[in-house]
Amino acid sequence: MSDAWLVVGLGNPGAEYERTRHNVGQMVLDELASRTGGSFKRHRSGARVAEVRLGVLPGGAPGPRVVLAAPTSYMNVSGGPVAGLAGYFDVPVERTVVLHDELDIDFGAVRLKRGGGEGGHNGLRSISKSLGDKDYARVRVGIGRPPGRQDPADFVLKEFSSTEKKDLPFLLMDAADAVEKLVLEGLEAAQQKFHAPA
């Protein structure tokens, strides 16, 4: 078993979805690639993949090896590519991290958890089914609830509002920081930092 981590950013393929709320997981992945100098290449599993070193260990050594992965399938069938990558890179479920949009968290907040339910998120449901395990870590990127009576399914497929777009870079940086903290120091340390009241 390798000592690598697999960090998956969820989203839908195609330019029409690229900047939508549902693709915020892949936006965070792009932030992580940018800060590590990683570049994505197509992988036979059905994903774009960048192999990077994330963060710096005590003493200055480069951080752990991380496989950044963006499935090129639609979100509701993300599980096949994720399971394929986990098998190919020999990454156990406890070192698998999924970045995804979360309606039940206010826009701008980041929360982390391991395992549990999927909360109606079809991407997570597909991953849990394909891995045969729910015990992977989730970095939940808050997008908030839709206004009024708007259907959540429509809301997640729309771009962020003009007000949200101003704060979006900070949200992406926070979520990328949360992944880095999780990989370097563990889930509890990351939760203590990102779950503390502002």
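As the structure is a computational prediction, the values presented were derived from the model and not from experiment.

Glancing now at the layout of surface pockets. One water molecule sets the probe size; rolling that probe over the atoms shows where empty space is left. Its volume calculated, the largest pocket comes out at about 430 Å³. As for the largest pocket, its lining consists of 25 residues, and the residues nearest its centre are H22, D101, G120, H121 and N122. Secondary structure elements with two or more residues in the lining of the largest pocket: β5 (96-102), α3 (122-131), β7 (137-142) and α4 (152-156). Among the residues making up the lining of the largest pocket, the classes are represented as eight nonpolar, ten polar and seven charged. Counted as a void, the second largest pocket has a volume near 240 Å³. Forming the walls of the second largest pocket are 14 residues, and the residues nearest its centre are N12, E18, N23, Q26 and R48. For the lining of the second largest pocket, the element with the highest residue contribution is helix α1 (residues 24-36), accounting for three residues.

Applying the stated rule across the entire model yields three aromatic pairs. Considering the side-chain rings of Y17 and Y74, the 6.1 Å spacing of their centres and the 90 degrees angle between planes classify their relative orientation as edge-to-face. Linking Y17 in the loop between β1 (5-9) and α1 with Y74 in the loop between β4 (65-71) and α2 (79-88), this pair joins segments that are 57 residues apart in sequence. Using a relative accessible area of 41% as the deciding quantity, one classes Y74 as partly exposed. Measuring from centroid to centroid gives 5.7 Å for F107 and F160, while their planes differ by 55 degrees, and the two rings are tilted. Here the residue F107 occupies a position in the loop between β5 and β6 (110-114), and F160 occupies one in the loop between α4 and α5 (162-185), the gap between them amounting to 53 residues. Residue classification places F107 among the partly exposed positions, given a relative accessible area of 22%. Taking the relative accessible area as the measure of exposure, F160 reaches 4% and is therefore buried. Geometry around F40 places R48 over its ring, the cationic atom sitting 4.7 Å from the centre.

Two quantities define a packed helix pair, namely the angle between the axes and the distance from one axis to the other. The interhelical angle for the contact between α1 and α5, taken along N-to-C directions, is 70 degrees, at an axis separation of 9 Å. When the axis of α1 is compared with that of α5, the two are roughly perpendicular. Residues V24, M27, V28, E31, L32 and R35 of α1 pack against L168, L172, M173, A175, A176, D177, V179 and E180 of α5.

Along a regular strand, successive side chains alternate from one face of the sheet to the other. Among the six residues of β7, six are classified as buried, and the element is accordingly described as predominantly covered. Where burial is concerned, the two faces of β7 agree: the one with A137, V139 and V141 and the one with R138, R140 and G142 are both buried. Bridging between β5 and β7 involves six bridges; their strand directions are parallel. Its bridge partner lying in β7, H100 is registered against R140. Across five bridges, β6 lies against β7 in antiparallel orientation. For V110, the partnering residue across the bridge sits in β7 and is V141.

Rules of the game
- Residues numbered from 1 in each chain as written.
- Predicted model: local features only at pLDDT ≥ 70, side-chain atom pairs only at ≥ 80, totals over all residues.
- Heavy atoms only, no water.
- 1 Å grid on protein atoms, 1.4 Å probe; cavity = no way out; pocket = protein on both sides within 12 Å on 5 of 7 lines; lining within 4 Å.
- Points joined across faces, edges and corners; volume = space filled by probe spheres on them.
- Helix = DSSP H or I, 4+ residues; strand = E, 2+ residues; numbered from the N terminus.
- Nonpolar A, V, L, I, M, F, W, Y, C, P; charged D, E, K, R; others polar.
- Phe/Tyr/Trp six-rings, centres within 6.5 Å; stacked < 30°, edge-to-face > 60°.
- Buried < 20%, exposed > 50% of the residue type's maximum accessible area, 1.4 Å probe, protein only.
- Lys NZ or Arg CZ within 6 Å of the ring centre and 35° of its normal.
- Axes fitted to C-alpha atoms, helices over the stretch in contact; angles between N-to-C directions.
- Parallel < 35°, antiparallel > 145°, perpendicular 65-115°, else oblique.
- Contact = heavy atoms within 4.5 Å.
- Pairing = 2+ DSSP bridges.

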